[in-house]
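Residue strings, one per chain:
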Amino acid sequence: MGAAIGLPAARTAAHIRAVTVRVTAIVAVLATGAAARARVVARRIGQMPPPPGPFRPGFWRSPIRGPWLTSVFGLVLLIGIPLLFVTGALSYAAYNPGLDPVNDQTPDKGVLGFYLFDWPTRPYWLYRLTQGVHVTLGVVLVPVLLGKLWSVIPKLFEWLPARSLAHALERLSLLMLVGGAIFQFVTGILNIQIYYVFPGSFYTLHFYGAWVFIAAFVLHVCLRFGRMTRALRSRRLAAELRTDLAHTRSEPPDPDHLVPTGPAAPTMTRRGALGLVGAGSMLLLMVTAGQSIGGWLRNTALPGDGPNGFQINKTAASVGVTPALIGPNWRLEIHGHGPPLTFTREQLLVMRQHAADLPIACVEGWSTGNQHWSGLRLADLAAMSGLPRAGSVLVESVQSSGPFSTVALRGNQVADPRSLLALHVNGADLSVDHGFPARIIVPANPGVNNTKWVRRLTFRA
């Protein structure tokens with residue numbers, strides 16, 4: 001009986017295997033035919049002449065364009081871009097994004113928003129240095145980036161656009177690299193100019209753009225590092241710097257087709273191209289570093305006059321802070337462990353005052369020299385609230401809306417004796433645009449987190 005039952009099952013399994021074999025054979029035939037037809041179509045497209053204009057090989061004729069010059073620009077960017085990324089990541093950390101949602105509202109950041117350490121308050125000029133390097137270096141690298149793009153522009157018009165899957169992936173990485181570089185540099189420069197024409201938050205766009213760009217950059221370096229090193233070894237820099245126009249020649253043909261097939265007579269030497277890019281970078285360094293780094297370069301910036309004669313990025317009027325909000329009816333509220341406390345400015349002025357010499361450094365790259373601030377220590381206010389070892393403080397401004405009208409500071413920032421609720425600067429009352437009646441000043445803190453026009457401090461355990 002069992003054998004009789006097993007016989008139909010065996011026949012069914014054999015039938016299924018036979019059908020499977022036939023279907024597999026049919027699929028293989030169809031796939032082979034489709035692949036053959038695809039190769040025929042690709043061959044026919046490949047035999048078509050390239051479109052007119054920049055897709056034609058003879059369109060690009062500069063004899064100095066080639067792997068060596070491209071690699072020189074690439075080497076500078078290989079050093080500069082990782083430093084840009086690291087200082088940008090440090091700027092992100094300085095906002096204490098893991099402390100409170102009000103400090104970082106980047107949506108769906110996931111693992112991209114990793115946060116490794118609490119931002120310190122020492123040395124007090126730390127954010128001034130890291131963000132100054134970030135912005136100044138970003139501006140200085142613009143001529144180098146433009147030089148690199150000029151040197152590889154034939155690759156952007158390569159025909160066929162994709163000759164294989166590997167070639168298509170390389171082209172996609174190139175598109176992400178060029179697009180990401182342009183996006184990051186353009187949005188960064190617009191932010192420096194405080195010209196917000198973005199379709200959304202600059203911080204969100206720049207954050208995600210940085211990750212896309214650095215991923216494409218790492219992939220590109222992995223693919224091209226060997227070719228770059230070989231190209232750099234092919235010519236000596238000292239020899240190129242001595243070569244005049246009459247002796248300028250094209251490089252040998254290269255597999256990337258950067259060298260023109262029909263070069264024109266040279267109108268500039270490679271030395272001239274490097275000098276032009278270097279001069280542009282030096283000029284941008286001179287006009288940018290004055291507001292970021294200071295020193296004797298501070299003379300190239302545009303300081304004001306008087307105790308409050310230093311930079312701001314937003315006036316009180318521009319964010320809706322009216323005289324009524326900061327007039328005689330203004331009060332400071334302090335919340336913590338116990339009943340809330342309320343003070344007038346006159347009551348704050350009769351308390352024990354402390355002073356600190358600190359700069360203001362902003363994400364836009366500008367910074368002030370050290371200003372002499374005086375007011376009440378945040379640590380003393382925390383003790384008054386009943387939380388002498390507060391883990392954080394939520395700072396709220398009379399500014400009703402907009403980014404950074406509310407920020408959170410960490411416990412180490414509250415505890416630093418130089419962290420103040422400032423009432424005066426350089427011996428005078430704060431001006432309205434500098435935060436009158438009271439503002440926060442914390443060492444090594446981004447400028448936008450040094451909240452102006454403070455109305456409430458909520459200390460938390």
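Cut-offs and rules
Residues numbered from 1 in each chain as written. Predicted model: local features only at pLDDT ≥ 70, side-chain atom pairs only at ≥ 80, totals over all residues. Heavy atoms only, no water. Patch = residues over 30% accessible without salt bridge, like charges linked within 9 Å, V, L, I, M, F, W, Y side chains within 5 Å. Areas by Shrake-Rupley, 256 points an atom, 1.4 Å probe, with all protein chains shown as cover. Salt bridge = Lys/Arg side-chain N within 4 Å of Asp/Glu carboxyl O. Helix = DSSP H or I, 4+ residues; strand = E, 2+ residues; numbered from the N terminus. Buried < 20%, exposed > 50% of the residue type's maximum accessible area, 1.4 Å probe, protein only. Contact = heavy atoms within 4.5 Å. 1 Å grid on protein atoms, 1.4 Å probe; cavity = no way out; pocket = protein on both sides within 12 Å on 5 of 7 lines; lining within 4 Å. Points joined across faces, edges and corners; volume = space filled by probe spheres on them. Nonpolar A, V, L, I, M, F, W, Y, C, P; charged D, E, K, R; others polar. Lys, Arg positive; Asp, Glu negative; His and termini not counted. Polar contact = N/O pair within 3.5 Å; in protein donor to acceptor, adjacent residues only side chain to side chain. Phe/Tyr/Trp six-rings, centres within 6.5 Å; stacked < 30°, edge-to-face > 60°. Pairing = 2+ DSSP bridges. Expected span 1.5 Å × (residues − 1). Axes fitted to C-alpha atoms, helices over the stretch in contact; angles between N-to-C directions. Parallel < 35°, antiparallel > 145°, perpendicular 65-115°, else oblique. Left-handed = near helix turned anticlockwise from the far one by under 90°. Core = buried A, V, L, I, M, F, W, Y, C linked by side-chain atoms within 4.5 Å.

A. Seen up close, a nonpolar patch on the surface. The grouping of Leu165, Leu169, Leu172, Leu175, Met176 and Val212 at the surface amounts to a nonpolar patch, some 600 Å² of accessible area in total. Within the fold, Met176 resides in helix H5 (residues 165-192). By relative accessible area, which is 34% here, Met176 ends up partly exposed.

B. Local environment of the environment of Leu420. The residue Leu420 is located in strand E7 (residues 420-425) in this model. Look at Leu420 and you get buried, because its relative accessible area is 0%. Separated by 41 residues in sequence, Leu420 and Ala379 place their C-alpha atoms 8.4 Å apart. Excluding residues within four positions of it along the chain, Leu420 makes contact with His354, Ala355, Ala356, Trp373, Ser374, Gly375, Leu376, Arg377, Leu378, Arg439, Ile440 and Ile441.

C. Representation of empty space enclosed by the protein in the model. Within this structure, the stated rule accounts for 1 cavity of 30 Å³ or more. For the largest cavity, the calculated volume is near 40 Å³. Around the largest cavity sit Tyr124, Tyr127, Arg128, Pro359, Ile360, Ala361, Ala444 and Asn445, which together line it. Looking at the lining of the largest cavity, its residues break down into 6 nonpolar, 1 polar and 1 charged.

D. Structural view of the side chain of Glu364. Secondary-structure assignment places Glu364 in the loop between strand E3 (354-358) and strand E4 (371-377). Here Glu364 occupies a buried position and makes no salt bridge, while the nearest side chain of opposite charge, Lys314, is found at 7.0 Å. Here Tyr196 takes part through its side chain, which lies 3.2 Å from a polar atom of the side chain of Glu364. Not counting residues within four places of it along the chain, the set of residues in contact with Glu364 comprises Val135, Asn191, Ile192, Ile194, Tyr196 and Asn313.

E. Spatial organisation of the packing of aromatic side chains. Applying the stated rule across the entire model yields 16 aromatic pairs. Arranged with centres 6.5 Å apart and planes meeting at 85°, the rings of Trp119 and Tyr127 form a pair that is edge-to-face. Residue Trp119 shares its accessibility class with Tyr127, and that shared class is buried. Between Phe310 and Trp373, the ring centres sit 5.8 Å apart and the planes meet at 85°, which makes this aromatic pair edge-to-face. Of the two residues, Phe310 sits in the loop between helix H8 (270-292) and strand E1 (332-336) while Trp373 sits in strand E4, which places them 63 residues apart along the sequence.

F. Quick look at the pairing of E4. Within E4, 5 of the 7 residues are buried, leaving the element largely enclosed by the surrounding structure. Here E4 runs beside E7; their pairing, made up of 5 bridges, is antiparallel. Bridge assignment links Ser374 to a residue of E7, and that residue is His424.

G. Spatial organisation of helix H3 (residues 126-140). The end-to-end C-alpha distance of H3, which contains 15 residues, comes to 21 Å, matching closely the 21 Å that a straight helix rising 1.5 Å per residue would cover. By the criterion of burial, H3 is predominantly enclosed, with 13 of the 15 residues buried.

H. Inspection of the packing of helix H4 (residues 142-156) against H5 at higher detail. Contact geometry for H4 and H5: axes closest at 12 Å, N-to-C directions at 150°. Considering the angle they form, H4 stands roughly antiparallel to H5. In this structure, H4 crosses over H5, and the sense of that crossing is left-handed. Contacts between H4 and H5 pair Val142, Leu145, Leu149, Lys155 and Leu156 from the former with Arg171, Leu174, Val178, Ala181, Ile182, Phe185 and Ile189 from the latter.

I. Representation of the pattern of salt bridges. This structure, assessed with the given rule, holds 15 salt bridges. For Asp256, the salt bridge goes to Arg224, with nearest N and O atoms at 2.9 Å. One end of the pair, Asp256, is in the loop between helix H7 (237-242) and H8; the other, Arg224, is in helix H6 (residues 202-234), and 32 residues separate them in sequence. The two residues Asp256 and Arg224 agree in class, both being buried. In this structure, the salt-bridge partner of Arg418 is Asp416, at a minimum N-O distance of 3.1 Å. Considered together, Arg418 and Asp416 belong to a single accessibility category, that of buried residues. Where salt bridges share partners, they join Glu333, Glu396, Arg455 and Arg456 into one cluster.

J. Structural context of the nonpolar core. Core analysis: the biggest nonpolar cluster contains 41 residues, and Leu378, Leu421, Ile440, Leu457 and Phe459 have the highest contact counts within it. Each residue touching Phe459, except ones within four places of it in the same chain, is listed here: Ile334, His335, Gly336, Leu378, Leu381, Ala382, Ser385, Leu387, Ala390, Ser392, Val393 and Val414. Core analysis: the next-biggest nonpolar cluster, separate from the first, contains 26 residues, Trp68, Val72, Val142 and Leu149 among them.

What is shown is where atoms sit, not what they do.
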